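# Descriptive analysis of the structure
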Number of protein chains: 2
Amino acid sequence: MGRLADDEPDHFTPASLRVELVLLTVRDGRLAVLLVKRHSAPFQGCWALPGGGLGDHEDLDAASQRLLTLTTGLEHDPWHAEQLRSYVSAVPAQQTAGAAGSASERSDEQVSAQRSVSVAYMVFMPVGTDPAPGSAAEAFRWWAVDDLSDDGPVLAFDHASIIADAVDRCRSKLEYTTVAASFLQEPFTLGELRRIYENVWGVKLHHSNFARKLTSSPGYLVAEVDGSPGRATLYRRGSAQFVMPPIPRPVGE
Amino acid sequence: MGRLADDEPDHFTPASLRVELVLLTVRDGRLAVLLVKRHSAPFQGCWALPGGGLGDHEDLDAASQRLLTLTTGLEHDPWHAEQLRSYVSAVPAQQTAGAAGSASERSDEQVSAQRSVSVAYMVFMPVGTDPAPGSAAEAFRWWAVDDLSDDGPVLAFDHASIIADAVDRCRSKLEYTTVAASFLQEPFTLGELRRIYENVWGVKLHHSNFARKLTSSPGYLVAEVDGSPGRATLYRRGSAQFVMPPIPRPVGE
DNA sequence: ATAATAGTGTCTATGAGACAATATATT
DNA sequence: AATATATTGTCTCATAGACACTATTAT
């Protein structure tokens, strides 16, 4: 006990290391997350976040990008991806022991002692960009995040709390960063951008005040072709990463 | 390639799993972080964050609390602790191979193939709470975070970037949460709390406007004994976790 | 024609920032 | 007495929020 943590020889706790992707988009006017239906144990038939293990010489960011391409079939270029946080999920022993998964070289007791560390990444996908599953038989689906709370699909592992954390982070980030534009393909109009805020936050915003706020935020938007009253101006993203001062987020919801 | 990540049997990437603590406090009017001088390879003689491996049946939060007590010799009760993010640091092969550490049951090539996953936790310690090292020979020191950028100590692993992330997060959190009070022991005065903001942000705040803002923020502060003009009122923390609207942070620095 | 949307302008209420005045404790 | 600090009050300015008006496009 008197020994300090750092004095100890490096403690090689065995762990399986995975990256889980929380792909968010706006679909049918609602914030939505991409889920995959599992067809093997554990949690067979439940919905789960797409993810996978780390490659042998891969860091976390590289793995998240590889898995993103693997899942969506698309390059991630203009999208926003960031690490959310890590989760240690104890895989239920009976579930793991009964796994129908193939080539596991570990005995059951070793597997049950195994812990799983998932590093979650949050990725914003532009509206209308649908994933192209590599395996046609796979069941992909966008789920509105509001439908996950009650009477929704049964989620695997602790993915429900991962999604909740991602949604919280997403809604917060819209206030003080320019990531909302990551949900749109360029060029876009102020109305389209406003609907992103409205749908993600679940509020209604005044179009005139919104336009005044965003067009006066330095570096957020770059006008492409100028619009006279009645014609929507097209914008591309500017170089600013943050909005100062933040976009006020209505509290009443 | 056509296979989806989730189709794969669970990919047990071997990894050493550690928790690193970023203990922050305000000391001599500056934001400071607790570092430990390493006395064994790798990075012998460098300064590192206190940390340690996960116990066999421990989750991340439990490990961070255990290591906090182990490091500081104090219970963590009123303090603020939160997960920062995870880092995959490839331990340099030659450094690892030459490690003077004891009881490693792995061969050198196995060790060099080992990757290290560190989950960083950020903890706020009250002003004046000094850690009680368990081993007297150990070199603990508070370092002002501003002294780490240039001409500072040599930091082990990627701890410099972990600390930078924690400092950014800490400064941001002061804007929209009530965690600044975690740096103080109760009860405290508005002046003490203002100095926390000033020291962490490196700015000067107007005392009158600061008092008006914080005392009008619902649930942030609970007055203990009322003070007439000239006598400082003593406060304890209220139940509010967030400050709405956020405390404006001067930009000029 | 009607509705929906985009841009512009105006008014008001709120709150941040700056400053002054007073009261108390400390040296 | 002089200094530092805490509370209260006032003034100004920026801006969010609400609303009106006009122009254009879609149905």
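Residues numbered from 1 in each chain as written. Chains lettered and ligands numbered in written order. Predicted model: local features only at pLDDT ≥ 70, side-chain atom pairs only at ≥ 80, totals over all residues. Heavy atoms only, no water.

Attention now moves to the overall build of chain A. Of the regular secondary structure elements, chain A holds 6 helices and 10 strands. For chain A, the accessible area works out to roughly 11900 Å², and carbon and sulfur atoms hold 50% of it. (Helix = DSSP H or I, 4+ residues; strand = E, 2+ residues; numbered from the N terminus. Areas by Shrake-Rupley, 256 points an atom, 1.4 Å probe, with all protein chains shown as cover.)

Turning our eyes to something else, we now look at the domain arrangement of chain A. All names here are of chain A. Annotation of chain A at the domain level lists domain 1 (15–173) and domain 2 (177–237). If you look at the interface, domain 1 gives 15 residues, while domain 2 gives 10 residues. Here domain 1 packs against domain 2, burying approximately 1200 Å² in sum over the two surfaces, 62% of which is carbon and sulfur. Viewed at the interface, domain 2 and domain 1 are joined by 0 salt bridges. At the junction of domain 1 and domain 2, the tally comes to 5 residue pairs in polar contact (both at pLDDT 80 or more). When contributions to the side of domain 1 that touches domain 2 are tallied by element, the ones reaching two or more residues are strand S1 (15–27), strand S2 (30–37) and helix H4 (159–176). Here the residues of the side of domain 1 that touches domain 2 are counted per class, giving 8 nonpolar, 4 polar and 3 charged. (Domains from an automatic or database assignment. Contact = heavy atoms within 4.5 Å. Buried area = accessible area lost by both parts, 1.4 Å probe. Salt bridge = Lys/Arg side-chain N within 4 Å of Asp/Glu carboxyl O. Polar contact = N/O pair within 3.5 Å; in protein donor to acceptor, adjacent residues only side chain to side chain. Nonpolar A, V, L, I, M, F, W, Y, C, P; charged D, E, K, R; others polar.)

Our next topic: the sheet that holds strand S8 (residues 188–189) of chain A. Sheet strands associate in pairs through backbone hydrogen bonding, adopting either a parallel or an antiparallel arrangement. All names here are of chain A. One open sheet holds the 3 strands; their spatial order is S8-S10-S9, and the pairing between them is antiparallel. This sheet does not close on itself; its edge strands, each paired only once, are S8 and strand S9 (221–225). In terms of strand pairing, S8 meets strand S10 (residues 234–237) through 2 bridges, oriented antiparallel. Note that in S10 the partner of Thr189 across the bridge is Leu234. (Pairing = 2+ DSSP bridges.)

The subject of this paragraph is the packing of aromatic side chains. One pass over the full model with this rule turns up 10 aromatic pairs over all chains. Here B:Trp47 and B:Trp143 contribute two aromatic rings whose centre-to-centre distance is 5.3 Å and whose plane-to-plane angle is 75°, an arrangement assigned as edge-to-face. Taken together, the residues span a long stretch of sequence, with B:Trp47 in strand S3 (residues 47–48) and B:Trp143 in strand S7 (residues 140–144) at a distance of 96 residues. Members of the aromatic cluster, joined through ring pairs, are A:Tyr197, A:Trp201 and A:Phe210. The ring of B:Tyr87 has B:Arg85 lying over it, and the distance from NZ or CZ to the ring centre is 4.8 Å. The positively charged end of B:Arg141 is found above the aromatic ring belonging to B:Trp143, 3.5 Å away from the centroid. (Phe/Tyr/Trp six-rings, centres within 6.5 Å; stacked < 30°, edge-to-face > 60°. Lys NZ or Arg CZ within 6 Å of the ring centre and 35° of its normal.)

This brings us to the protein's contact with DNA strand C. Taken together, the neighbourhood of DNA strand C is formed by 20 residues, with A:Thr233, B:His206, B:Ser208, B:Asn209 and B:Lys213 sitting nearest. Within 4 Å of the protein, the contacting atoms of DNA strand C are drawn from sugar and phosphate to the extent of 59%. Within the side chain of B:His206, an N or O atom sits 3.2 Å from a phosphate oxygen of DNA strand C. For DNA strand C, a base nitrogen lies 3.2 Å from a polar atom in the side chain of B:Arg212. For the surface near DNA strand C, the elements supplying multiple residues, two or more each, are helix H5 (190–201) and helix H6 (207–215) of chain A together with helix H6 (207–215) of chain B. Looking at the surface near DNA strand C, its residues break down into 5 nonpolar, 10 polar and 5 charged. (Near = heavy atom within 4 Å.)

Helix packing geometry: the angle between the two helix axes and the distance between the axes. All names here are of chain A. Across the interface, H5 lies against H6 with an axial gap of 10 Å and an inter-helix angle of 100°. In terms of orientation, H5 lies roughly perpendicular with respect to H6. Mapping the contact onto sequence places Leu190, Leu193, Arg194 and Tyr197 in H5 and His207, Phe210, Ala211, Leu214 and Thr215 in H6. (Axes fitted to C-alpha atoms, helices over the stretch in contact; angles between N-to-C directions. Parallel < 35°, antiparallel > 145°, perpendicular 65-115°, else oblique.)

Right, let's get into the protein's contact with DNA strand D. The full set close to DNA strand D counts 20 residues, and A:Ser208, A:Asn209, A:Lys213, B:His207 and B:Thr233 are the nearest of them. For DNA strand D, the backbone portion of the atoms within 4 Å of the protein, that is sugar and phosphate, comes to 60%. B:Thr233 has a polar side-chain atom sitting 2.6 Å from a phosphate oxygen of DNA strand D. Secondary-structure elements contributing two or more residues to the surface near DNA strand D are H6 of chain A together with helix H5 (190–201) and H6 of chain B. With 4 residues, H6(A) is the largest single contributor of residues to the surface near DNA strand D.

Strand order in this open sheet of 3 strands is S8-S10-S9 (chain B), and the pairing throughout is antiparallel. A strand with exactly one partner marks an edge of an open sheet, and here the two such strands are strand S8 (188–189) and strand S9 (221–225) of chain B.

Moving on, we come to helix H1 (residues 60–72) of chain B. Residues and elements named next belong to chain B. The end-to-end C-alpha distance of H1, which contains 13 residues, comes to 18 Å, matching closely the 18 Å that a straight helix rising 1.5 Å per residue would cover. Of the residues that open H1, the one with a side-chain oxygen 3.3 Å from the backbone nitrogen of Asp61 is Asp59. Backbone geometry just after H1 places Gly73 at a positive phi near 75°. (Expected span 1.5 Å × (residues − 1).)

Another point: the pattern of salt bridges. All chains considered together, the criterion is met by 22 salt bridges over all chains. A:Glu58 serves as the salt-bridge partner of A:Arg66, at 2.6 Å between the closest nitrogen and oxygen. A residue is classified by how much of its surface remains accessible, and A:Arg66, at 33% relative accessible area, is partly exposed. Across the pair B:Arg18 and B:Glu20 runs a salt bridge, and its minimum N-O distance is 3.0 Å. Within this structure, A:Glu82, A:Arg169 and A:Lys173 form a network of salt bridges that share partners. (Buried < 20%, exposed > 50% of the residue type's maximum accessible area, 1.4 Å probe, protein only.)

Residue and element names in this part refer to chain A. With respect to the helices, strands and loops of the structure, Ala180 is situated in the loop between H4 and S8. Judged by its relative accessible area of 0%, Ala180 is buried. The contacts of Ala180, once residues within four sequence positions are left out, are Leu174, Leu193, Ile196, Tyr197 and Tyr220.

Time to look at the packing of H4(A) against H5(A). All names here are of chain A. Where H4 contacts H5, the axes come no closer than 10 Å and their chain directions differ by 145°. Where H4 crosses over H5, the handedness of that crossing is left-handed. Along the contact surface, H4 presents Cys170, Arg171, Leu174 and Glu175, while H5 presents Ile196, Tyr197, Val200 and Trp201. By residue class, the composition of the contact of H4 with H5 is 6 nonpolar, no polar and 2 charged. (Left-handed = near helix turned anticlockwise from the far one by under 90°.)

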